[in-house]
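Structure at a glance
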Amino acid sequence: MNRAHPDLDSLAFLVGTWKGTGSGRYPTIEPFEYVEEAVFTPGPGKPFILYRQRTRRAGDGEPLHSESGYIRPGGTEGAELVIAQPTGIVEVHTGDLCGSRVRFRSRDVRLSPTAVEVSRVERCISVDGHTMLYRLWMAAVGQPFQVHLEAELTRV
Ligand code: HEM
């Protein structure tokens, strides 16, 4: 059966393939612009959404960040997110759902021995029709918690 699990109803607003552009900044790096493709796929008959994204630098198309993970319903008005990054960073989040907006706050960030230091991450995703806006904050490399990414994607 390929039907989405009924427990995914509250997260269905995320499902689809999304493309768009974003910008990034942090005190320790040069600001940058990027293009992104993100795909949210319901697990067939299972209560999770598979999430994958990849990005390229705007202009020269150089591959930048990519990541993949799972979003799970997390009880009443809640959600959970687990993400692995090829840079050796793993994030475990719980999220608050409010209609078609979810804000994930990291419960745990774990690093492989050679990963850059990241201690806290928050990700806010909101969908209005076929437009997704997200913002990501992090505390990393000794800097206080602040915005790293902002993007606007369109469901294709
Ligand atoms: C759309 C996704 C993302 C893009 C396009 C992106 C892009 C970048 C770029 C271009 C840099 C500059 C240095 C470099 O080229 O490596 C950077 C640095 C960094 N990013 Fe991201 N990033 C993304 C997501 C993330 C996420 C999810 C995290 C952590 C949760 C993260 C953590 C960092 C850290 C810690 C640095 C290094 C800062 C430093 O060394 O001073 N990034 N990112």
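Residues numbered from 1 in each chain as written. Predicted model: local features only at pLDDT ≥ 70, side-chain atom pairs only at ≥ 80, totals over all residues. Heavy atoms only, no water.

**Quick look at the environment of W137**
What counts here: Starting at the N terminus, helices and strands are each numbered in turn, a helix being any DSSP run of H or I of at least four residues and a strand any DSSP run of E of at least two. Two residues qualify as a contact provided that any one of their heavy atoms is within 4.5 Å of a heavy atom in the partner residue.
As for its placement among the helices and strands, W137 is situated in strand β9 (residues 131-140). As for W137 and E122, which are separated by 15 residues in sequence, their C-alpha atoms are 5.2 Å apart. The contact partners of W137, leaving out residues within four places of it in the chain, are R103, R120, V121, E122, C124, F145, Q146, V147 and H148.

**Some details on the coordination of the iron atom of the ligand**
Selection rule: Here a donor is an N, O or S atom found within 2.8 Å of the metal, or within 3.2 Å if the metal is Na, K or Ca; sites may look incomplete because water is not among the atoms.
The protein supplies the iron atom of the ligand with one donor atom, H148 (NE2), which lies at 2.3 Å. Position of H148 relative to the elements: it lies in strand β10 (residues 146-155).

**Examining the sheet that holds strand β2 (residues 32-42)**
Note the threshold: Two strands are counted as paired when DSSP detects at least two bridges linking them. Here an angle of 0 to 180 degrees is reported between the N-to-C directions of two axes, which are lines fitted to C-alpha atoms, with helices fitted over the stretch in contact.
The strand order around the closed barrel formed by ten strands is β1-β2-β3-β4-β5-β6-β7-β8-β9-β10, and the pairing between neighbours is antiparallel. Ignoring strand direction, the axes of neighbouring strands in this sheet form an average angle of 25°. Pairing between β9 and β10: eight bridges, direction antiparallel. Bridge assignment links W137 to a residue of β10, and that residue is V147.

**Some remarks on the site of the ligand**
Test applied: Neighbouring residues are identified by heavy atoms, a residue being near a molecule or strand if any of them is within 4 Å of it. A 3.5 Å cut-off defines polar contacts: any pair of N or O atoms within that distance qualifies, except that in protein one atom must be a possible hydrogen donor and the other a possible acceptor, and neighbouring residues in sequence count only when both atoms are side-chain atoms.
Taken together, 22 residues sit near the ligand, with T28, F32, H65, R123 and H148 positioned nearest. Measuring from an oxygen atom of the ligand, one finds a side-chain N or O atom of T28 at 2.5 Å. Interatomic distance of 3.1 Å between a side-chain N/O atom of H148 and a nitrogen atom of the ligand. Elements with a contribution of two residues or more to the shell around the ligand: β2, β3 (49-57), β4 (63-73), β8 (118-128), β9 and β10. Examining the composition of the shell around the ligand, we find that four residues originate from one element, β9, more than from any other.

**Describing the packing of aromatic side chains**
Rules: Here the aromatic set is Phe, Tyr and Trp, taking the six-membered ring for Trp, and pairing holds for ring centres within 6.5 Å; pairs whose planes are under 30 degrees apart are stacked, those over 60 apart are edge-to-face, and all others are tilted. Only protein chains enter the area calculation, which uses a 1.4 Å probe; residues under 20% of their type maximum are buried, those over 50% are exposed, and those in between are partly exposed. Charge-over-ring placement is defined geometrically: NZ (Lys) or CZ (Arg) within 6 Å of the ring centre, and within 35 degrees of the ring normal.
Scanning the entire structure with this criterion turns up three aromatic pairs. Centre to centre, the rings of F40 and Y51 are 4.9 Å apart; their planes meet at 35°, and the pair counts as tilted. Residue F40 is located in strand β2, and its partner Y51 is located in strand β3; the two are separated by eleven residues in the primary sequence. Judged by centre distance (5.2 Å) and plane angle (90°), the ring pair of F48 and Y70 falls under edge-to-face. One end of the pair, F48, is in the loop between β2 and β3; the other, Y70, is in strand β4, and 22 residues separate them in sequence. When its relative accessible area of 26% is taken as the criterion, F48 is described as partly exposed. Given a relative accessible area of 39%, Y70 falls into the partly exposed group. Looking at R103, its charged tip hangs above the ring of W137, at a distance of 4.2 Å from the centre.

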